[in-house]
Amino acid sequence: MLRRILFVCTGNICRSPTAEGVARGLAEKLGLAEAFEFDSAATHGYHVGDTPDPRTVAAARQRGYDLAHLRARRVTDFDFIRFDHVIAMGRDHLEWLQRACPPLYHDKLALLLEFSESFDEDEVPDPYYGGMDGFERVLDLVEDAVEQLLLRLKQR
C-alpha cells in the first residue's frame, strides 16, 4: 500500500523541502522507496516556484540528499484529500493546517517532531535568518523524526 506524506512549513524553501529530501533518501536506504510518496508545501505563497534556499541545498548535499530539483508550492485543498499524512514542521504550521483542513481529514495532521526519539524539541526551528549551524540542526532533527515516522508507518 502506497503511503503519501506531505511536509509543511512557512515558505517551502528550508524545513519542509529538507524533510521531503531526507524522507526520499531514508526510504531508499531502508528499502521502502516503493511504499511511499513524498512532497512538501508552504502555508504561505512567498516563494512559490523557487528552489530551496541555497544553504538548505548545500547542507542537505553534504549528507547525501538532493534537493536542487524541488520547487516551492503552497498547500492546496486537494492536498488534504490526496495525502495520508500532512506533517507540520512547527506549531504555527499545524494550527494553520487545522484551520485550512476540513474536519474530516484532521486525523491526517501531525507535528514532525512528535515522531522523534532522540530530541526533546517539539518544533523544527526556522534556520532562515541564522547561520549554517541552523541548517545542520534542522537536518539532525529531521533525520531522526523522519526515520522514526517511516519505521512506524512501515509496521502498519
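Described below are features of the structure shown in this document. (Residues numbered from 1 in each chain as written. Predicted model: local features only at pLDDT ≥ 70, side-chain atom pairs only at ≥ 80, totals over all residues. Heavy atoms only, no water.)

## Re the pattern of salt bridges
Applying the stated criterion across every chain yields a total of 13 salt bridges. Between arginine 15 and aspartate 126 there is a salt bridge whose closest N-O contact spans 3.6 Å. Of this pair, arginine 15 sits in helix 1 (residues 15–29) while aspartate 126 is found in the loop between strand 4 (109–111) and helix 5 (132–155), placing the two residues 111 residues apart along the sequence. The class for aspartate 126 is partly exposed, based on a relative accessible area of 42%. Between arginine 73 and aspartate 79 there is a salt bridge, with the nearest N and O atoms lying 3.0 Å from each other. For arginine 73, a relative accessible area of 22% puts it in the partly exposed group. (Salt bridge = Lys/Arg side-chain N within 4 Å of Asp/Glu carboxyl O. Helix = DSSP H or I, 4+ residues; strand = E, 2+ residues; numbered from the N terminus. Buried < 20%, exposed > 50% of the residue type's maximum accessible area, 1.4 Å probe, protein only.)

## Some remarks on the side chain of aspartate 79
Residue position: aspartate 79 is located in helix 3 (residues 77–82). Take aspartate 79: its relative accessible area is 4%, and that puts it in the buried class. The residues touching aspartate 79, leaving out its near neighbours within four places in the chain, are Leu6, Arg73, Arg74 and Val86. (Contact = heavy atoms within 4.5 Å.)

## Observations concerning the packing of aromatic side chains
For the coordinates displayed, the defined rule picks out three aromatic pairs. Consider the rings of phenylalanine 7 and phenylalanine 38, whose centres lie 6.4 Å apart with planes at 20 degrees: the pair is stacked. Taken together, the positions of phenylalanine 7 in strand 1 (residues 3–9) and phenylalanine 38 in strand 2 (residues 36–42) put the pair 31 residues apart, joining distant regions of the chain. Residue phenylalanine 7 shares its accessibility class with phenylalanine 38, and that shared class is buried. Pairing phenylalanine 36 with phenylalanine 38 gives two aromatic rings, centres 5.6 Å apart and planes at 15 degrees, and the pair type is stacked. (Phe/Tyr/Trp six-rings, centres within 6.5 Å; stacked < 30°, edge-to-face > 60°.)

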